[in-house]
Amino acid sequence: MSHLLTQCNLVSDLESPNSILRCQLNDHVLQVGKLKADIVNIKLAFADSVLGASRFCNPSVSPNPSYAMVARGPATSSVLVAKWVAGSEPPAPVDLMAGEKRLDTLNTGLIPSHVRVKNDKMFITLDNELAVSKAADILNKQPEFRSQFSQASKLNFFFPVVALFVDVTDLDHLKFELEHRNKLMRGQIHSLKKVYSKPNSPLGHVKIFLQSREARDNILLQKKVSVNGVNFRVVPIDLDREVRRCFRCQKYGHIQGVCKAVTSACGKCSKSHRTSECSAAKDDWRCVNCDGPHQTGSPSCHEQIKAVARYRSFLD
């Protein structure tokens, strides 16, 4: 009996240190996990800073997805857009607080991250598509909102690529053929737009508007599409050509059809006449936006570079 008690006491004496060791081990595991999380955050911050510096030094380089972008995953925010009815624009600027008031944030839980006005439209950025759908439903039921705006809806944004030297004589058939022959494009093509026609030929370049970023990235990775059993090259869009710039006042963010400028500004010499009427020599060129010695919209213009970066942020 005494021998059995001695064994029990021995086991008890061993279990006590084991319990302490287990607790210490658990603490170490938690500390290691926290350190690993801190290391990831440091890597993300470093990757962001290096990427930002490299883009600043060489903004013409088209960026690939960064370490930080891949690690953090895609953004899930979505945008609601509403157009003002003519003559109903508010006298005061529409800001974030005004957006929250319209959405009744305290009661609905809809929290906008950005509210901005551009031309005759209001844009409200929310967490996701579900929040945008709920916000649109709330706003469209408000009599005051309906008296000022057309129907609020989700802002659709498409992801374009360009197919080179395809047959552009029948875009409807081309759309069918692209979706039929290319698995990555099935159900993904919103529309096509001809951007170039080769003289005396049915061939040209066509811009393909895709409905998801993933489809765009996969097609660009593949670098080709099949049409009628023949492979055609696919390339990214030329961002310098895609940036929206008014050809009347030469400013960014709107087009000539909605420009409110009283007089034209020349895209070559920056004087008050149409660009097509300019006879200035290249040495006399002057940018409207940065006052540099180049024509407006030049790829080297720092205002053009910033406009391209803003547009790229949507596509990336």
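Keep in mind it's a predicted model, so treat the numbers as computed, not measured.

Let us look at the overall build of the chain. Assigned secondary structure in the chain consists of 10 helices and 9 strands. When each of the 316 residues of the chain is scored for burial, the buried share is 31%. Contacts spanning at least 24 positions in sequence make up 55% of the contacts within the chain whose residues lie at least 6 apart. Roughly 20,700 Å² of accessible area belongs to the chain as shown, and the carbon and sulfur atoms make up 56% of that amount.

Turning to the pairing of strand β7 (residues 203-210), a few remarks are in order. Residues in a regular strand project their side chains so that they alternate between the two faces of the sheet. Of all 8 residues making up β7, 6 are buried, and the element is well covered by its neighbours. One ladder, built from 7 bridges, connects strand β5 (residues 159-167) with β7; its direction is antiparallel. Its bridge partner being in β7, Pro160 is matched across the sheet by Phe209. Looking at chain direction, strand β6 (residues 189-197) and β7 are connected through 7 bridges and run antiparallel. For Ser197, the partnering residue across the bridge sits in β7 and is Gly204. Following β6, the chain reverses through 5 residues before pairing antiparallel with β7; Asn200 in that reversal takes a positive phi of roughly 55 degrees.

Another aspect to go through is a positive patch on the surface. Side chains of Arg116, Lys118, Arg244 and Arg310 sit close together on the surface and give a patch of like positive charge. With respect to the helices, strands and loops of the structure, Lys118 is situated in strand β2 (residues 114-118). Residue class for Lys118 comes out partly exposed when judged on its relative accessible area of 32%.

Strand order across the open sheet formed by 5 strands is β6-β7-β5-β9-β8, with antiparallel pairing between neighbours. Of all strands in the sheet, those bounded by a partner on one side alone are β6 and β8 (224-227). Strand after strand, the sheet turns through a mean of 30 degrees between neighbouring axes, direction not considered. Of the strand pairs in this sheet, β8 and strand β9 (residues 230-235) are connected by 4 bridges, and their pairing is antiparallel. Across the sheet, the residue bridging to Val227 is Val230, located in β9. Helix α7 (residues 171-181) contacts β5, β6, β7 and β8 of the sheet and is inclined by roughly 125 degrees relative to β6.

A few words now on the pattern of salt bridges. This model, assessed by the stated rule, comprises 6 salt bridges. Of the charged contacts, one joins Lys175 and Glu179 as a salt bridge, the two residues approaching to 3.8 Å between their closest N and O atoms. With Lys175 and Glu179 both in helix α7, this residue pair falls 4 residues apart, about one helical turn. Of the charged contacts, one joins Glu303 and Lys306 as a salt bridge, the two residues approaching to 3.2 Å between their closest N and O atoms. Separated by 3 residues within a single helix, Glu303 and Lys306 lie in helix α10 (residues 302-315), roughly one turn from each other.

Here the focus is the confidence of the model for the chain. Residue-level pLDDT values for the chain average 79, and 71% of them are 70 or greater. Across residues 51-75, where pLDDT falls below 50, the model places 21 contacts with residues more than four positions away in sequence or in other chains.

This part covers unusual backbone geometry. At Phe165, a position not held by glycine, the phi torsion is positive, near 55 degrees. Within the element layout of this structure, Phe165 appears in strand β5. With a relative accessible area of 37%, Phe165 lands in the partly exposed category. At Asn200, a residue that is not glycine, the phi angle is positive and equals roughly 55 degrees.

Parameters and conventions
Residues numbered from 1 in each chain as written. Predicted model: local features only at pLDDT ≥ 70, side-chain atom pairs only at ≥ 80, totals over all residues. Heavy atoms only, no water. Helix = DSSP H or I, 4+ residues; strand = E, 2+ residues; numbered from the N terminus. Buried < 20%, exposed > 50% of the residue type's maximum accessible area, 1.4 Å probe, protein only. Contact = heavy atoms within 4.5 Å. Areas by Shrake-Rupley, 256 points an atom, 1.4 Å probe, with all protein chains shown as cover. Pairing = 2+ DSSP bridges. Patch = residues over 30% accessible without salt bridge, like charges linked within 9 Å, V, L, I, M, F, W, Y side chains within 5 Å. Salt bridge = Lys/Arg side-chain N within 4 Å of Asp/Glu carboxyl O. Lys, Arg positive; Asp, Glu negative; His and termini not counted. Charge placed at Lys NZ, Arg CZ, Asp CG, Glu CD. Axes fitted to C-alpha atoms, helices over the stretch in contact; angles between N-to-C directions. pLDDT = per-residue confidence, 0-100.

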